[in-house]
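Listed here are the chains, written in short residue letters.
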Amino acid sequence: MASIVDILAQRFERALVTVYGPELKGADPMLRRSDHADFQSNAPLSLKKRTGDNPRDAAAKIIAALDVADLCERVEMSGPGFLNLHLKGSFIAETTAVQASDERLGIALASTPETVVVDYSSPNIAKELHAGHLRSTIIGDALARVLEQVGNKVIRQNHLGDWGTPFGMLIEHYLDLGEQVGDTAIGDLNEFYRAARAKFDTAPAFAERARKRVVLLQGGDEATLQFWKRLVDESKRSFRAVYDKLGITMKDSDAAGESFFNPRLEGIVKELTDKGLAVESEGAICVFPPGFKGKEGNPVPLIIRKQDGGYGYATTDLAAIKYRLLELGATRILYVVGAPQAQHLTMIYKAAEMAGWLKPPARAQHVAFGSVLGEDGKMLKSRAGDSVTLMELLDEGEERALAVVREKASERASAGEEAVAEGDLQSVAHAVAISAIKYADFSADRVKDYVFSWSRMLATIGNTGPYLQYAHARTRSILRKAEAAGYTPGTITITAPEEKALALALGSFGAVVHDVAASLEPHRMCTYLYELASTFSSFWNACPVLKAEPAERASRLALVELTAKVLERALGLLGIEAPARM
RNA sequence: GCGCCCGUAGCUCAGCUGGAUAGAGCAUCGGACUUCGAAUCCGAGGGUCGUAGGUUCGAAUCCUUCCGGGCGCGCCA
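Basis of the calculations
- Residues numbered from 1 in each chain as written.
- Chains lettered and ligands numbered in written order.
- Predicted model: local features only at pLDDT ≥ 70, side-chain atom pairs only at ≥ 80, totals over all residues.
- Heavy atoms only, no water.
- Pairing = 2+ DSSP bridges.
- Helix = DSSP H or I, 4+ residues; strand = E, 2+ residues; numbered from the N terminus.
- Axes fitted to C-alpha atoms, helices over the stretch in contact; angles between N-to-C directions.
- Phe/Tyr/Trp six-rings, centres within 6.5 Å; stacked < 30°, edge-to-face > 60°.
- Buried < 20%, exposed > 50% of the residue type's maximum accessible area, 1.4 Å probe, protein only.
- Lys NZ or Arg CZ within 6 Å of the ring centre and 35° of its normal.
- Near = heavy atom within 4 Å.
- Polar contact = N/O pair within 3.5 Å; in protein donor to acceptor, adjacent residues only side chain to side chain.
- Contact = heavy atoms within 4.5 Å.
- Salt bridge = Lys/Arg side-chain N within 4 Å of Asp/Glu carboxyl O.

A. Spatial organisation of the sheet that holds strand S11 (residues 363-369). With respect to topology, four strands assemble into an open sheet ordered S6-S5-S10-S11, the strand pairing being parallel. Whereas interior strands pair on both sides, the edge strands pair on one side only; in this sheet they are strand S6 (153-157) and S11. The mean inter-strand angle of the sheet, taken between neighbouring strand axes irrespective of direction, is 20°. Here strand S5 (residues 115-119) pairs with S6 via five bridges, running parallel.

B. Representation of the packing of aromatic side chains within the structure. Under the definition given, this model contains ten aromatic pairs. Centroid distance Phe260 to Phe261: 5.0 Å. Interplanar angle 85°. Geometry classified as edge-to-face. What makes Phe261 buried here is its relative accessible area of 0%. Within the aromatic cluster, the residues linked to one another by ring pairs are Phe260, Phe261 and Tyr323. Note that Arg553 overlies the ring of Tyr487, its terminal NZ or CZ placed 3.5 Å from the centroid.

C. Representation of the protein's contact with RNA strand B in the model. Residues in close proximity to RNA strand B total 54 residues, the closest being Phe82, Glu258, Tyr313, Asp445 and Arg474. Taking the atoms of RNA strand B that fall within 4 Å of the protein, sugar and phosphate contribute 52% of them. Here a base oxygen of RNA strand B sits 3.0 Å away from a polar atom, N or O, in the main chain of Leu45. At a separation of 3.0 Å, a sugar or linking oxygen of RNA strand B approaches a polar side-chain atom of Asn541.

D. Spotlight on the sheet that holds strand S8 (residues 284-287). Taken together, three strands build an open sheet; the order of strands is S7-S8-S9 and the sheet is antiparallel. Sheet topology places strand S7 (278-281) and strand S9 (302-305) at the edges, where each strand pairs with a single neighbour. With direction set aside, neighbouring strand axes in the sheet form an average angle of 45°. Packing of helix H14 (residues 342-354) onto the sheet brings it into contact with S8 and S9, and relative to S9 it is tilted by some 65°.

E. Focus on the pattern of salt bridges. A complete count under the given rule lists 39 salt bridges for this structure. The shortest N-O distance in the salt bridge between Arg74 and Glu76 comes to 3.3 Å. Taking the relative accessible area as the measure of exposure, Arg74 reaches 41% and is therefore partly exposed. Overall, Glu76 belongs to the partly exposed group, its relative accessible area being 30%. Residue Arg237 pairs with Glu234 through a salt bridge whose shortest N-O separation is 3.0 Å. With Arg237 and Glu234 both in helix H10 (residues 222-246) and three residues apart, the pair spans about one turn of that helix. Members of the salt-bridge network, linked through shared partners, are Glu172, Asp176, Lys199, Arg209 and Arg213.

This is the structure in structure tokens:
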């Protein structure tokens, strides 16, 4: 489906080729929304080097060659050489009608779909998901949805911390508890981990058992593996509960953690050694990707086998990147991991290139993000000082959202207006809480830290998740009333400025989705959503729908219906629900 | 010491990869409900874009200096 910009861009390309010859084919006409017109083209300025003309001359020539009589009311030159385009209402109406009849709402499919691996969330077994996992989990999930929407094959990968020396003590502690809890529940995972750790640090006999247990685990002892698996399953149940509540699309089958790669580590070391990329250094085997200098100017190593013969995270990361490229066939790998790991990841990519696994067009990208801070400006912690679990966070959010939703509902009910039913309050509060948390996280640039603030994110006014949901709920309210009255959407006509603004905002949805897919920046979707929602609110204020004349009513209903769908879809791509009432 | 990230209105942030007078939200002030959800809308005030240079028709955006904040740099992940 061709959007307004697509169609205009084609006409510009033709005009540019007419004036300046075929070498201008494919040149960017720099079409942007404008304060001075509906759209503007900066091509005469931006292409100055290629046209050789001064911008105002170029603008005049382009206008002369531009065949847009069917699309624009007028095109005028302005300032140093801008081209201001004033679109015909009929042109806007037609493209909007096409978008409205499109299942994909104007989101084009990628011309070259890729296999994209998205590595996100990645919690540790026997610990609960906590605030530190929030950003990776929700950003990764949103990007996975967006990349999928534009037609890529997306493979989610949960790089679980499910192997290694801590499992000795965890299994022994698990066995100690066996009598009390049976084999069904560990209970509080964090408490479980803490207790195991405490025993390990204070009881030498226990520590000794733990060490022996690690050996058994590494050696593949059947009974030990069974215990290990129970721990893993128990933890996955806990992750599942959080993912479900947060609306995360990661499935159990997407798990490919350290245990999955463990059998491959020896081979990785051998391969890199055989290729001459890994060398012995201070008793360890290391890869030294060029260009990384440490404290005394020494090269920084990726330690792929430790002095004691064990393997660390670098080896697992290398095994994982090889697997993703060679076995999963990824051409794009996203690491949704905190910003501090930037150097480590670049070293992994470099090593993977040297090994011949990572080569164009395949590429790996670090989707870096900053920290979630508490009101004190430090990492988010609970009163007790440990990191707050995601479940606690979500529960608190729902509680706070419920208070807001309940209050609004009772206000409306006492005013005799349609309100959320008592039985639906919980589910609406849930949707509001999740939207508040996610939208607050997404709405600013990923790489920056942000302060977690309930009052800000849950505010019913301003640029918040709840505001967007409210805008959507209002669209649904009109549509319900229209349906009850037997009114149906019809031919779109654009006359009022608010109709035009709304249609133009709707029309850029597809481009925004692709922009997010390319830039991996969810905040661009938020900027768009807020603009769309506020444009709709202005439309609402200025353009009566149900009380308009039949033709106008049908047209406006079509705009409202499309707005509802776009809001819902855009929120959905961020993993945010759009309730019909709130 | 080396390297990476950040610095835009009182506060929280955008700014579409170099384009027109730097835009929003919150807060403040002033308007709009006997029209579909006022959780809304309309309007006002408020910024030497950390600093000093440079590149050019044109810089918040690109290059360099310095200042301030965060983070990383060998056996944790």
